[in-house]
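# Report on the structure
Spelled out from the first residue to the last, the chains are:
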Amino acid sequence: MLAAGVALLWWLDPAQMPLPLCGLHALTGLYCPGCGATRATHALLHGHLMEALHDNALWVLSLPLALYAGLSEWRWQTAGRPLWGDPSHRPSLIAIVGAAALLFSVLRNVPVYPLVLLAPPG
Ligand SMILES: [Zn+2]
């Protein structure tokens, strides 16, 4: 299913598609931490790192962590132990990721240079 989603994002350019708008952005004009993530993923799949960072830097920078978490969870489920670390630390990790997302949300909505670069284009 993940591979199908990645393949679809490789083929289809979200900037050219009539995708549903983010609910928060549609209602308030504010950017949530996920705004631009679809376009960023499409840009990454085509090797355009700088474009992807401009679309959603938090998403791009957190992908290695998400990949690691997915692999660690898979190993935990199949072999009974994670790749690294203590699974009891998950609540702390979730809190850190949530705090980073909240901070990113606030910063990307501040209309001051250079913070405006965190907002997705157009
Ligand atoms: Zn959004």
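Parameters and conventions
- Residues numbered from 1 in each chain as written.
- Predicted model: local features only at pLDDT ≥ 70, side-chain atom pairs only at ≥ 80, totals over all residues.
- Heavy atoms only, no water.
- Helix = DSSP H or I, 4+ residues; strand = E, 2+ residues; numbered from the N terminus.
- Contact = heavy atoms within 4.5 Å.
- Donors = N, O, S within 2.8 Å, 3.2 Å for Na, K, Ca; no water.
- Buried < 20%, exposed > 50% of the residue type's maximum accessible area, 1.4 Å probe, protein only.
- Expected span 1.5 Å × (residues − 1).
- Arc of directions from axis to C-beta.
- Axes fitted to C-alpha atoms, helices over the stretch in contact; angles between N-to-C directions.
- Parallel < 35°, antiparallel > 145°, perpendicular 65-115°, else oblique.
- Nonpolar A, V, L, I, M, F, W, Y, C, P; charged D, E, K, R; others polar.
- Bend = angle between axes of the 7 residues up to and from the residue.
- Patch = residues over 30% accessible without salt bridge, like charges linked within 9 Å, V, L, I, M, F, W, Y side chains within 5 Å.
- Areas by Shrake-Rupley, 256 points an atom, 1.4 Å probe, with all protein chains shown as cover.
- Salt bridge = Lys/Arg side-chain N within 4 Å of Asp/Glu carboxyl O.

## Concerning the side chain of Ser-72
Tracing the backbone through its elements, the reader meets Ser-72 in helix α4 (residues 49–79). Leaving out residues up to four positions away in the same chain, Ser-72 has contacts with Pro-82, Leu-83 and Trp-84.

## Side note on the coordination of the zinc ion
Taken together, Cys-22 (SG), Cys-32 (SG) and Cys-35 (SG) make up the protein donors of the zinc ion, found 2.1 to 2.2 Å from the metal. Sequence spacing of the donors to the zinc ion: C-x9-C-x2-C. Taken together, the residues Cys-22 in the loop between α1 (2–11) and α2 (23–28) and Cys-32 in the loop between α2 and α3 (37–45) connect sequence positions 10 residues apart. By relative accessible area, Cys-32 is classed as buried at 18%.

## Points about helix α5 (residues 90–107)
Between its first and last C-alpha, α5 extends 25 Å over 18 residues, near the 26 Å set by a 1.5 Å rise per residue. Among all positions in α5, only Ala-101, Phe-104 and Ser-105 are buried. Down the axis of α5, the buried side of the element spans an arc of 100 degrees, and every buried residue falls inside it. Away from its buried face, by an angle of more than 90 degrees, α5 presents the exposed residues Pro-91, Ile-96, Leu-102 and Leu-103.

## Quick word on the packing of α3 against α4
Running from N to C, α3 and α4 cross one another at 105 degrees; their axes reach a closest spacing of 8 Å. Comparing their axes, α4 and α3 come out roughly perpendicular. Every residue of α4 that contacts α3 at Ala-37, Arg-39, Ala-40, Thr-41, Ala-43 and Leu-44 is listed here: Leu-49, Glu-51, Ala-52, Asp-55, Asn-56, Trp-59, Val-60 and Leu-63. Its residues assigned to classes, the contact of α3 with α4 comprises nine nonpolar, two polar and three charged.

## Here's the deal with α4
Here α4 is 31 residues long, yet its end C-alpha atoms lie only 34 Å apart, well below the 45 Å a rise of 1.5 Å per residue gives. The sharpest bend along α4 reaches about 120 degrees and sits at Asn-56. Within the sequence span of α4, burial applies to Ala-52, Asp-55, Asn-56, Ala-57, Val-60 and Ser-72. Elements in contact with the buried residues of α4: α3 and α5. Downstream of α4 by a residue or two, Gly-80 has a phi angle that is positive, lying close to 85 degrees.

## A closer look at a nonpolar patch on the surface
On the surface, a nonpolar cluster with roughly 910 Å² of combined accessible area is contributed by Leu-2, Val-6, Leu-8, Trp-10, Trp-11, Leu-12, Met-17, Leu-19 and Leu-45. It is α1 that provides the largest number of residues to the nonpolar patch, a total of five residues. Checked against the element boundaries, Trp-11 lands in helix α1.

## Digging into the environment of Leu-19
Along the chain, Leu-19 turns up in the loop between α1 and α2. Owing to a relative accessible area of 45%, Leu-19 belongs among the partly exposed residues under this scheme. Considered as a pair, Leu-19 and Thr-38 are 19 residues apart in the sequence and their alpha carbons are 9.9 Å apart.

Such coordinate-based values are descriptive only and should not be taken to indicate function.
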